[in-house]
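# Fold and geometry: a report
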Amino acid sequence: MSQWQDYAQEGKALKWPYPVRYGEERKVHTDVLVLGGGIAGCWAAISAAREGAKVAIVEKGATIRSGSGGSGCDHWLNTPNPCSPITAEEIVEKEVVSNGGYTNGISRYIAARESYETLLELEKLGGKIRDTEDEFKGADFRDEETKFLFAYDYENKYMFRVWGTTFKVALYNECKRLGVEIYDRIMATSLLTEGSKHGTRVLGATGLHSRTGEFTIFQANATINCLSRHQRNWVFSTELVGNATFRPGTIVGNGHAMGWRAGAEFTQMEKTGGHGAGTGYSYPFYGTGNPFCTWVPCTMVDADGKEIPWVDRDGKVLKNVSGRTRPAPGQKFLGERERGYQWMAPHLPFDLGERIRKGEFRLPLYADLPSMSDHEQRAIWGLMVGEEAKTKIPLVKTYTESGFDPSKDLLQSYIMMRGDPLGDAFVGMVSPQERAGGEGGDAGGLLVDWDLSTTLEGLYCAGDALFAANYHYHAATTGRYAGRKAAWYAQKTAETEISRNQVEAEKMRIYTPLQRKDGLEWKELNAAICRIMQNYCGEPKSDELLQIGLIWLKDLEETALQRAYATNPHKLMRTLEVFDILTCSQMVIHASLARKASSQFLGFIRTDYPEMDPPAWHKWITIRLEEGNVRTAELPIDFWGELKKNYEKHCSS
Amino acid sequence: MIEEKVFATPNTPTPNRPVIFNRDACIGCNMCVDVCQMDVFIPNPEKGEPPIILYPDECWYGGCCVAMCPAPGAIRLNHPLMQRVRWKRKETGEHSRV
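Residues numbered from 1 in each chain as written. Chains lettered and ligands numbered in written order. Predicted model: local features only at pLDDT ≥ 70, side-chain atom pairs only at ≥ 80, totals over all residues.

Secondary structure assignment for chain A yields 17 helices and 22 strands. Principal axes of the C-alpha set define a box for chain A whose edges measure 70 × 60 × 55 Å. Expressed as a percentage of the 653 residues in chain A, the buried residues total 57%. For chain A, the proportion of contacts with a sequence separation of at least 24, taken over those separated by at least 6, is 74%. (Helix = DSSP H or I, 4+ residues; strand = E, 2+ residues; numbered from the N terminus. Buried ≥ 20, exposed ≤ 12 C-beta atoms within 10 Å, placed from the backbone. Contact = placed C-beta atoms within 7 Å.)

Take a look at the structure:
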């Protein structure tokens, strides 16, 4: 019997297999506490440990494969290197301009400066970053001397194709070798602060073990938030819970919520996008025939085998496959998926949807892998789709075992038919009310300075938890940077006594759902939050709608959440996640209320302020909690100042 | 064969079965229980048996359980019925699916 229902069918109940220790306390002292053991977290831990700090990782899943990049990584982007003429300054300029200024200049610049050395370090740890077996010898995208493979822009060679399934285990082993203490299956629930006050120094965190229910107090001189960002605020499938998000289902915004409660400042929380990836019913990401990301530069054909043209930034049809990975005449270099003209990569025509509707191309469309050269075919299917997160087992292994052969088969696209993870958005078929917040690329997150220190002393931040951040290479490099910064801070700081009252209050908060005998389970609560967000904080926003949204979220908090109940430690964890999802939803609405202007770049439409991106609102809106009151403020769009000068001033001790 | 004993049971969540174990190949080591990010499994009360799928609806379909399994063929990822991608053989036009 391998499923719980087999036991139920025999009239038996399964006993909880782990010892139950609700409320029992364990105390851990460390110099540097890393919350979240994903890519950023592991790099932060390694980097802090190398500086001589005692380090502990708290991870909700299992560190050996946890995080968005735990199962793999196909491309290591935005990396100046000896094969490329592109500079760190040019890369950040691309990010800034393409995002209308709304990108994280600090972390993007740190990443661009340190990305290559981070990649080489990863190789020393056992990560595979070169074509050492000469599988792609002579390929258009290979540097024969270094054996590096590149993606997207074969001329400028600043985005690497890598064997990312080797990365996480290598990082995990290095953490172990360095003596990093790893606490798996513990969900961080709150930050401990000096005098248990808002906005004061962070002294560590509390955690709940999701199998035993045990409570852990982590006391640390420095803490690093590597907990990624908010998800499941607009879209939640009660049936396909784990598959309803692009990033792993462990990522729900725990770090954002606990940072908010402690008084940290956030920015860009109002940004959303169209939700193509995880409506719960989408086909597997990268698992349909498509011309995006991992699948560039695959040829697409219609039902009759008629080729869909690839065009350059001027709409000029490209005659051969080679042109899809090279800049247009006069274009300096290509971005991975920038829509901004300057760095726009070749793509399918933006009016594809219209042309299908008019009958020019017949559905369904297919990816014509068999027509691609041997190098490109294997680079797309096997390397990119294979080494990217969630692709080796779910796609390459599973499809191959079902008989799929990339040299013979046309993999179907679901463009215009619903369920294509990226294709739906490309032809404008995503629901305007089901927004992507943290599920998207750059999202809202913690405000940081050039030390990657948040506005709370002793709390650092790295990876996707940072405001306007994204990507594996970025998580790795910012983790590595924040790790050493936190270690240096910890070395010169004395341990401070934590407040017993704060611990007791947190225990009361997290264990209350166990004390109810019935009520509401977490799934229905999550779904209810999503409905409120869809209705009152969807695509059209206004002061009126957002205020009503706040009323109903508050109502949910005061009524339904007071009836939330859980019957084992696992369900208690899921229930507490939903509490944090509600908090993050409130943060989004507060940030949305504060921005009284529409912005195309932020996916932000205010029907009461319809002018798009008016210059007066070209700035960051920040939010934080102070003694229970929401404080909003603003920062100049380029508040980080001169990139090179500031980086060089801060990068070493 | 139709069950003679009938119990009152709730509906099982969808998808019912995110992975399929091969009892003959599984060595009951619980590696998949240890590496699953969503904690979908619990160890089987009977030692040496494949784990119990307790929270099938929470599966992320990341495949870490399969990737880390030391016993070849013991565990197979099973895509939900509504998420099985199709393809067409270029030469023959024959349609297939996952």
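It is worth spelling out the overall build of chain B at this point. For chain B, the helix and strand inventory stands at two helices and six strands. The C-alpha radius of gyration of chain B comes to 16 Å, more than 25% above the 13 Å expected for a compact globule of 98 residues. Expressed as lengths along the three principal axes of its C-alpha atoms, the size of chain B is roughly 50 × 35 × 25 Å. The burial tally for chain B puts 43% of its 98 residues in the buried class. (Rg over C-alpha atoms; globule rule 2.2 N^0.38 Å.)

Residue and element names in this part refer to chain A. Membership of the largest hydrophobic core comes to 219 residues, with the highest contact counts inside it found for Val 32, Val 34, Ala 45, Ile 224 and Ala 462. When residues in this core are grouped by element, the largest group, 13 residues, is from helix α16 (residues 569-594). What Ala 45 contacts, discounting residues up to four positions off in sequence, is Val 34, Val 55, Ile 57, Cys 175, Val 180 and Gly 483. (Core = buried A, V, L, I, M, F, W, Y, C linked by C-beta atoms within 7 Å.)

What follows concerns the sheet that holds strand β22 (residues 629-636) of chain A. Residues and elements named next belong to chain A. Spatially, β17-β11-β21-β22 is the arrangement adopted by the four strands of the open sheet, whose pairing is antiparallel. Since the sheet does not close on itself, it has two edges, and those belong to β17 (445-446) and β22, each with one partner. Examined bridge by bridge, strand β21 (residues 619-626) and β22 share eight bridges and lie antiparallel to one another. Among the inter-strand pairings, Thr 622 is bridged to a residue of β22, identified as Ala 633. (Pairing = 2+ DSSP bridges.)

It is worth spelling out the pairing of strand β9 (residues 202-209) of chain A at this point. Residue and element names in this part refer to chain A. Burial within β9 is extensive, with eight of its eight residues counted as buried. Relative to β9, strand β8 (residues 186-193) runs antiparallel, the two sharing seven bridges. In the sheet register, Ala 188 faces β9, and the bridge partner there is Gly 207. Hairpin connection between β9 and strand β10 (residues 215-225): a loop of five residues separates the two successive antiparallel strands, and Gly 213 in this loop has a positive phi of roughly 80 degrees.

With that out of the way, let us pick up the interface of chain B and chain A. Reports often express the size of an interface as the amount of accessible area lost when the parts come together. On the side of chain A, 46 residues touch chain B, which itself brings 44 residues to the contact. Residue composition of the side of chain B that touches chain A, by class: 25 nonpolar, nine polar and 10 charged. Summarising the sheet, strand β15 (residues 409-412) of chain A and strand β5 (residues 86-89) of chain B pair through three bridges and their orientation is antiparallel. By the bridge assignment, A:Leu410 is partnered in β5(B) with B:Lys88. (Nonpolar A, V, L, I, M, F, W, Y, C, P; charged D, E, K, R; others polar.)

All names here are of chain A. For helix α4 (residues 105-125), with 21 residues, the first-to-last C-alpha span of 29 Å sits near the 30 Å given by 1.5 Å per residue. At Glu 114, α4 shows its maximal kink, close to 50 degrees. Looking one or two places after α4, you find Gly 126, whose phi comes out positive at around 120 degrees. (Expected span 1.5 Å × (residues − 1). Bend = angle between axes of the 7 residues up to and from the residue.)

Further remarks concern unusual backbone geometry. The residue after A:Leu363, namely A:Pro364, is reached through a cis peptide bond having omega -5 degrees. As for its placement among the helices and strands, A:Pro364 is situated in the loop between α7 (352-357) and β14 (366-367). Of the consecutive residues B:Thr14 and B:Pro15, the connecting peptide bond is found in the cis state with omega at -5 degrees. Mapping B:Pro15 onto the fold places it in the segment before β1 (19-21). Not every positive phi belongs to a glycine, and A:Tyr286 is a case in point at roughly 70 degrees.

Quick look at the packing of helix α6 (residues 254-262) of chain A against α16(A) now. Residue and element names in this part refer to chain A. One way to put it is that α6 packs onto α16 with a least axis distance of 8 Å and a crossing angle of 65 degrees. When the axes of α6 and α16 are compared, the pair comes out roughly perpendicular. For α6 against α16, the interelement crossing comes out left-handed. Seen from α6, the contacting residues are Asn 254, His 256, Ala 257 and Trp 260; seen from α16, they are Glu 577, Asp 580, Thr 583, Cys 584 and Met 587. Here the residues of the contact of α6 with α16 are counted per class, giving four nonpolar, three polar and two charged. (Axes fitted to C-alpha atoms, helices over the stretch in contact; angles between N-to-C directions. Parallel < 35°, antiparallel > 145°, perpendicular 65-115°, else oblique. Left-handed = near helix turned anticlockwise from the far one by under 90°.)

Another point: the pairing of β15(A). Residues and elements named next belong to chain A. Of the two faces of β15, both are covered, the one formed by Asp 409 and Leu 411 as well as the one formed by Leu 410 and Gln 412. Bridge count between β14 and β15: two bridges; the pairing is antiparallel. Among the inter-strand pairings, Tyr 366 is bridged to a residue of β15, identified as Gln 412.

This part covers the packing of helix α3 (residues 88-98) of chain A against α4(A). In helix packing, the relevant descriptors are the interaxial angle and the interaxial distance, both defined with respect to the helix axes. Residues and elements named next belong to chain A. Relative to each other, α3 and α4 sit at 145 degrees, their axes nearing to 9 Å. Our pair here, α3 against α4, has a crossing hand that is right-handed. Packed against α3, whose contacting residues are Ala 88, Ile 91, Val 92, Glu 95 and Val 96, the element α4 presents Gly 105, Arg 108, Tyr 109, Ala 112 and Arg 113 at the interface. When its residues are assigned to classes, the contact of α3 with α4 shows six nonpolar, one polar and three charged.

This brings us to the environment of A:Ala111. All names here are of chain A. Along the chain, Ala 111 turns up in helix α4. Owing to 28 C-beta atoms within 10 Å, Ala 111 belongs among the buried residues under this scheme. With 19 residues separating them in the primary sequence, Ala 111 and Val 92 have C-alpha atoms 9.5 Å apart. If we skip the residues at most four places from it in the chain, Ala 111 touches Asn 78, Tyr 473, His 474, Thr 477 and Thr 478.

Bringing helix α10 (residues 392-401) of chain A into the picture now. All names here are of chain A. The buried count for α10 comes to seven of 10 residues, which makes it a mostly enclosed element. Those residues of α10 that fall on the buried side of the exposure criterion are Lys 392, Ile 393, Pro 394, Leu 395, Val 396, Thr 398 and Tyr 399. Following α10 by one or two positions, Gly 403 adopts a phi angle in the positive range, close to 105 degrees.

Moving on to the sheet that holds β15(A). Strands sit in the order β13(A)-β14(A)-β15(A)-β5(B)-β6(B) across an open sheet of five strands; the sheet is antiparallel. For this open sheet the edge positions go to β13 (300-301) of chain A together with β6 (95-97) of chain B, each flanked by a neighbour on one side alone. In terms of strand pairing, β5(B) meets β6(B) through three bridges, oriented antiparallel. Along β6(B), the bridge assignment pairs B:Lys88 with B:His95.

All right, on to the environment of A:Met187 then. Residue and element names in this part refer to chain A. Note that Met 187 resides in strand β8. When the 26 C-beta atoms within 10 Å are taken as the criterion, Met 187 is described as buried. For the pair Met 187 and Leu 208, spaced 21 residues apart in the sequence, the C-alpha separation amounts to 5.2 Å. For Met 187, the contacting residues outside a window of four places in its chain are Lys 60, Gly 207, Leu 208, Ser 210, Asn 254, Met 573 and Leu 576.

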